[in-house]
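Coordinate analysis (summary)
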Amino acid sequence: MSARRTGRGASHDEFPDESELTMRAVAWHGTRDVRVDTVPDPTIEQPTDAIVRITSTAICGSDLHLYEVLGAFIDEGDVLGHEPMGVVEAVGSEVTQIRPGDRVVIPFNVSCGHCWMCDNGLQSQCETTQVREYGTGASLLGYTKLYGQIPGGQAELLRVPQAHYGPIKVPDGPPDDRFLYLSDVLPTAWQAVAYADVPSGGSVLVLGLGPIGEMCTRIAQHQGAETVLAVDLVPERLQRARDHGVVALDLNDEGRDLAGHVRDLTGGRGPDAVIDAVGLEAHGAPIGKIAQRLTAMLPDVAAQKLMTTAGIDRLSALHSAIELVRRGGTISLSGVYGGAASPMPLLQLFDKQITVRQGQANVRRWIDDLLPLVSGDGDPLGVEEYATHRLPLDDAPRAYEIFQKKQEGCFKVVLKP
Ligand SMILES: NC(=O)c1ccc[n+]([C@@H]2O[C@H](COP(=O)([O-])OP(=O)(O)OC[C@H]3O[C@@H](n4cnc5c(N)ncnc54)[C@H](O)[C@@H]3O)[C@@H](O)[C@H]2O)c1
Ligand SMILES: [Zn+2]
Ligand SMILES: [Zn+2]
């Protein structure tokens, strides 16, 4: 077993002794290369830290961007993962709202709870944890140098910074899957639907039926949207959505007339809102795909330069959102984009009078709305049956591969350390 770094913030030397290597964690080693390594256990470094023993930890579509495209901003050995929950092992002296033995879910944003941004419900912009070196918003767990290079939660143990505020205490008893998605999927989808601002009795179309997009359709239905449409191209994902009443259109069948078909389904105008839950790796954008392959092959410095000055996004989903939404409607972007100069049809955006809202989810902002829905009777958003795969942490390399390639019906993987 080779010694390795655990990313900035680890308490150990850069290359620790073998004797210090005790916990298992999913580490990035290169494009499409993640491995389960043995790394040092994290320790309390700040009085606001906690250590959590992870019981469930999911793989997200955002992790796939690291797997394939964003490698220029990660170092070999960085620990991935930002959708964890578990049991508190230890807390720093300033952490009083949780204590050892508590069951907690960890938000993917690291936020302080007392700056101007946090006070205003913009926890993903937290001024205490913003990464000023890269001009980005709040730090995130396990998500590249752009977001603080904090060791992630696909691991047996996690150091949680800002733990006096972040961790969400949940009741003992119900299965982990009831609460796990409070870390990301639920608040992301809730915010996407809130930002979509669907009028009462109105219509919404969701692009992408991955875990985020499907949850958007469920939340929109729960909140009373009259018509919920969606587009994807993976047969099982389309079927899952149809099973709960979504009008799910297969991009492969629609060809060039998707816009016409959608208008026919929405009174001739187009939906009131379109949610883009696809992001920068959209299917059907050959030039962007070449740019992304190129960035993955370049040395880090050159790739960083390309990504921060040019357009590397595959924009087909965003461009179809602009085309599909009705005049005067809203586009809510939850898919992640990365290029600095991606071409946008400003004429069409302006002419159609489109409102665009977007951003990382402000996780803590939505927890009071969501907690009753996942902990009460019934399971209105269907979280208990949401995952298709529950696998041991050691199976992470295969899990990433089947999730990316959409093989074996893989839709959402929960890893069990
Ligand atoms: N804003 C946030 O805070 C936040 C949080 C979590 C995830 N995300 C982002 O949300 C996006 C979706 O995440 P996920 O976990 O559901 O990922 P995913 O990769 O499983 O889902 C993406 C889906 O889009 C479909 N798709 C691809 N091209 C398409 C196209 N042209 N038209 C329609 N559908 C298309 C794919 O088949 C897939 O089912 C990712 O970009 C992820 O980074 C954002
Ligand atoms: Zn995520
Ligand atoms: Zn803050």
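Residues numbered from 1 in each chain as written. Chains lettered and ligands numbered in written order. Predicted model: local features only at pLDDT ≥ 70, side-chain atom pairs only at ≥ 80, totals over all residues. Heavy atoms only, no water.

Things to note about helix H14 (residues 396-405)
Counting along an α-helix, one turn takes 3.6 residues, and residues three or four places apart therefore face a common direction. Defined as follows: Partly exposed residues are those whose accessible area sits between 20% and 50% of the maximum for their type, while under 20% is buried and over 50% is exposed, using a 1.4 Å probe and protein chains only. To qualify as a helix, a DSSP run of H or I must reach at least 4 residues; to qualify as a strand, a run of E must reach at least 2; elements of each kind are numbered from the N terminus.
Where H14 is concerned, the buried positions are Ala396, Ala399, Tyr400, Ile402, Phe403 and Gln404. Two residues or fewer past H14, lysine 406 is found with a positive phi of approximately 55°.

Some points on the coordination of the zinc ion (ligand 3)
Let me state the cut-off plainly: With water excluded from the atoms, a metal site may look incomplete; its donors are any N, O or S atoms within 2.8 Å, or within 3.2 Å for Na, K and Ca. Metal sites are grouped by the angles between bound donors: all angles between 85 and 135 degrees with four donors is tetrahedral, opposite donors over 155 degrees apart with the others between 65 and 115 is square planar for four donors and octahedral for six, and any other pattern is irregular.
The zinc ion (ligand 3) binds to the protein through Cys112 (SG), Cys115 (SG), Cys118 (SG) and Cys126 (SG), with metal-donor distances spanning 2.3 to 2.4 Å. Viewed at the metal, the four donor atoms of the zinc ion (ligand 3) are separated by angles of 103 to 116°, and the geometry they form is tetrahedral. Spacing between the donor residues of the zinc ion (ligand 3) along their common chain follows C-x2-C-x2-C-x7-C. The burial state of cysteine 118 is the same as that of cysteine 126; both residues are buried.

So, the sheet that holds strand S11 (residues 273-276)
The criterion, for reference: By this definition, two strands are paired if DSSP reports at least two bridges between them. Where helices are involved, their axes are fitted lines through C-alpha atoms of the stretch in contact, as for all axes, and angles between N-to-C directions lie from 0 to 180°.
Pairing in this open sheet of six strands is parallel, and the strands run S10-S9-S8-S11-S12-S13 from one edge to the other. Single-partner strands in this sheet number two, and they are strand S10 (247-250) and strand S13 (355-358). Ignoring strand direction, the axes of neighbouring strands in this sheet form an average angle of 20°. In this sheet, S11 lies alongside strand S8 (residues 203-207) in parallel orientation, the contact comprising four bridges.

Let's talk about the coordination of the zinc ion (ligand 2)
Taken together, the protein ligands of the zinc ion (ligand 2) are Cys60 (SG), His82 (NE2), Glu83 (OE) and Asp184 (OD), with distances of 1.9 to 2.3 Å. Considering all four donor atoms around the zinc ion (ligand 2), angles at the metal cover 89 to 132° and the coordination shape is tetrahedral. Of note, the zinc ion (ligand 2) draws all its donor residues from one chain, in the sequence arrangement C-x21-H-E-x100-D. Accessibility classification places histidine 82 together with glutamate 83 in one group, the buried group.

Overview of the packing of aromatic side chains
Inclusion rule: Only Phe, Tyr and Trp rings take part, Trp by its six-membered ring, and two of them pair if their centres are within 6.5 Å. Stacked means planes under 30 degrees apart, edge-to-face means over 60, and tilted covers everything else.
Considering all chains together, one arrives at five aromatic pairs under this definition. Between tyrosine 67 and tyrosine 400, the ring centres sit 5.4 Å apart and the planes meet at 40°, which makes this aromatic pair tilted. Here the residue tyrosine 67 occupies a position in helix H1 (residues 61-68), and tyrosine 400 occupies one in helix H14, the gap between them amounting to 333 residues. Pair check on accessibility: tyrosine 67 and tyrosine 400 agree, each one buried. Each ring, one from phenylalanine 73 and one from tyrosine 134, has its centre 6.2 Å from the other, and the planes form 85°; the classification is edge-to-face.

A word on the packing of helix H4 (residues 185-196) against helix H13 (residues 363-375)
To be explicit about the condition: Geometric relationships in this document are graded by angle, where less than 35 degrees denotes roughly parallel, more than 145 denotes roughly antiparallel, 65 to 115 denotes roughly perpendicular, and other angles denote oblique. We call two residues in contact whenever any of their non-hydrogen atoms come within 4.5 Å of each other. The classification used treats Ala, Val, Leu, Ile, Met, Phe, Trp, Tyr, Cys and Pro as nonpolar, Asp, Glu, Lys and Arg as charged, and all other residues, Gly among them, as polar.
With their axes 9 Å apart at the nearest point, H4 and H13 run at an angle of 105° to one another. Taken together, H4 and H13 sit at an angle that is classed as roughly perpendicular. Facing H4, whose interface residues are Leu186, Pro187, Trp190, Gln191, Ala194 and Tyr195, H13 presents Val363, Arg365, Trp366, Asp369, Leu370, Leu373 and Val374. Of the residues that constitute the contact of H4 with H13, the class distribution is 10 nonpolar, one polar and two charged.

Quick look at unusual backbone geometry
Phi angles above zero are rare outside glycine, and arginine 32 is one such case at about 55°. Turning to its location among the elements, arginine 32 is positioned in the loop between strand S1 (21-30) and strand S2 (33-40). One non-glycine residue, aspartate 197, lies in positive phi territory at about 55°. Position of aspartate 197 relative to the elements: it lies in the loop between H4 and S8. When its relative accessible area of 57% is taken as the criterion, aspartate 197 is described as exposed.

Some words on the packing of H1 against H14
At their nearest, the axes of H1 and H14 sit 11 Å apart, and the two run at 100° to each other. By the angle class used here, H1 and H14 are roughly perpendicular. Where H1 abuts H14, its residues Gly61, Asp63, Leu64, Tyr67 and Glu68 lie against Pro397, Tyr400, Glu401, Phe403 and Gln404.

Quick word on the pairing of strand S15 (residues 413-416)
Side-chain direction in a regular strand flips from residue to residue, so the side chains alternate between the two faces of the sheet. Test applied: The handedness of a crossover follows from its direction of travel: if, with the strands pointing away from the viewer, the path from the first strand over the helix to the second runs clockwise, the crossover is right-handed.
Summarising the sheet, strand S3 (residues 50-58) and S15 pair through two bridges and their orientation is antiparallel. Opposite alanine 58, over in S15, you have valine 414 as the bridge partner. Judged from the four bridges that link them, strand S14 (residues 389-392) and S15 form a sheet pairing that is parallel. Looking at S15, one finds that histidine 389 is bridged to valine 413. In this view, the connection linking S14 to its parallel neighbour S15 by way of H14 has right-handed handedness.

Re the confidence of the model for the protein
The test is simple: Per-residue confidence from the prediction method is given by pLDDT, with values spanning 0 to 100.
Residues of the protein with pLDDT of at least 70 account for 86%, and the chain-wide mean is 90. Contacts for the low-pLDDT stretch residues 1-16, under 50 throughout, to residues beyond four places or in other chains number 46 contacts.

Looking at the environment of leucine 64
Residue position: leucine 64 is located in helix H1. A relative accessible area of 10% means that leucine 64 is categorised as buried.

Here we look at the side chain of histidine 82
Rule in force here: Between N or O atoms, a polar contact is any pair within 3.5 Å; within protein, one atom must be a potential hydrogen donor and the other a potential acceptor, and residues adjacent in sequence are included only when both atoms are from side chains.
Structurally, the position occupied by histidine 82 is in the loop between H1 and strand S4 (84-91). You can call histidine 82 buried: its relative accessible area is 3%. At 3.4 Å, the side chain of histidine 82 forms a polar contact with the side chain of aspartate 63. A distance of 3.1 Å separates polar atoms of two side chains, one belonging to histidine 82 and the other to aspartate 184. Once residues lying within four places of it in the same chain are set aside, the contact partners of histidine 82 are Cys60, Ser62, Asp63, Ile106, Phe108, Leu141, Tyr143, Ser183 and Asp184.

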